[in-house]
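Each chain, letter by letter, is given below.
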Amino acid sequence: MSSPSVAAAPDLLFALLPDSGIAPDGPDTLAPLAAALVGQYPQALTLNLHPPLRDAEGRCRWWADDAPSELGVDAARVALIARVRQEAARLGLPWQRVALAGVGDGAMLALEAVQAEPALVGRVIAFAGGYLARPQVAPQDVCVHLLHGLADQRFPYRHVVDAAQALVDLGADVTADLLPHIDHSLHPALIDKAMEQLRTFIPARLWREALIAAQDNERPVG
């Protein structure tokens, strides 16, 4: 877990979920993302949440099978939700100040978690991953950022485009960035685009609040 750059309570928590298939004693594949997040948000805390299962080669997995299934995702999601709630309570952070950022299978788990659990986190950043099934409902007051490489063969980008369109139709706050020549990876260009979206994207909730405030100011006094 990274610490804020100054001695102060964190004002944001980013829970980071790696892809399946990493070695538990290997290099930290999420280090570039954590560094970018803390660089942009010095008072943020990042927390690496590692897949709990191991395959025959000892590599980490979020679910037992190579391909995700409803049963496997459900089991992983229950554990993730409990852990995120625990960490947010420990830090005294409201759910709006908590975000999930996942890669590959970790991205799928993050996306499916906010579909199932209202008021879990305020944002999801999904790299090189997507939904288990086409979304039928939109998470309320959650910003969903989808970032994908057009050369990704493991999770073809067409599924991301379809999910993004479904979320738009359902009224969700969603961005979808597809970058050329990038395969299934946490590419630096995807990280840079995610940081840009975090800086510039204004949630619909804030637009609604601003509109209500403007209407209140226009009402005659007395």
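Now for a quick tour of the structure. Sequence order sets the numbering: in each chain, residues are counted from 1 along the sequence as written. Given that the model is predicted, a residue must reach a pLDDT of at least 70 before its local features are reported, and side-chain atom pairs must reach 80 or more before they are shown or counted; all residues, however, enter totals for whole chains, interfaces and linings. Side-chain numbers come from the whole structure's heavy atoms, not from hydrogens or water.

**Some points on the overall build of the protein**
Quick reminder of the rule: Going along the chain from the N terminus, every DSSP run of H or I of four or more residues is numbered as a helix, and every run of E of two or more is numbered as a strand. In what follows, a contact means two residues having at least one pair of non-hydrogen atoms within 4.5 Å. Values of accessible area rely on a 1.4 Å probe in the Shrake-Rupley scheme; residue burial ignores everything except the protein chains shown.
The helix and strand inventory of the protein stands at 6 helices and 8 strands. Beginning at the N terminus, the succession of helices and strands in the protein can be written as β-α-β-β-β-α-β-α-β-β-α-β-α-α. In the protein, the proportion of contacts linking residues at least 24 apart, taken out of those at least 6 apart, comes to 70%. For the protein, the accessible area works out to roughly 11,100 Å², and carbon and sulfur atoms hold 56% of it.

**Some details on helix H3 (residues 105–116)**
As a reminder of what qualifies: By definition here, a helix of n residues has an expected span of 1.5 Å times n minus one. Burial classes: relative accessible area under 20% of the type maximum marks a residue as buried, over 50% as exposed, and values in between as partly exposed (1.4 Å probe, protein chains only).
Between its terminal C-alpha atoms H3 stretches 17 Å, which fits the 16 Å expected from 12 residues at 1.5 Å a residue. Summarising burial for H3: 10 of the 12 residues are buried, a large majority. Taken together, the buried positions of H3 are Asp105, Gly106, Ala107, Met108, Leu109, Ala110, Leu111, Glu112, Ala113 and Val114. Those residues of H3 hidden inside the fold are in contact with strand S1 (12–17), strand S4 (60–61), helix H2 (70–91), strand S5 (98–103), strand S6 (123–127) and strand S7 (143–149).

**What about the environment of Ala88?**
Structurally, the position occupied by Ala88 is in helix H2. The contacts of Ala88, once residues within four sequence positions are left out, are Leu13, Leu93 and Val98.

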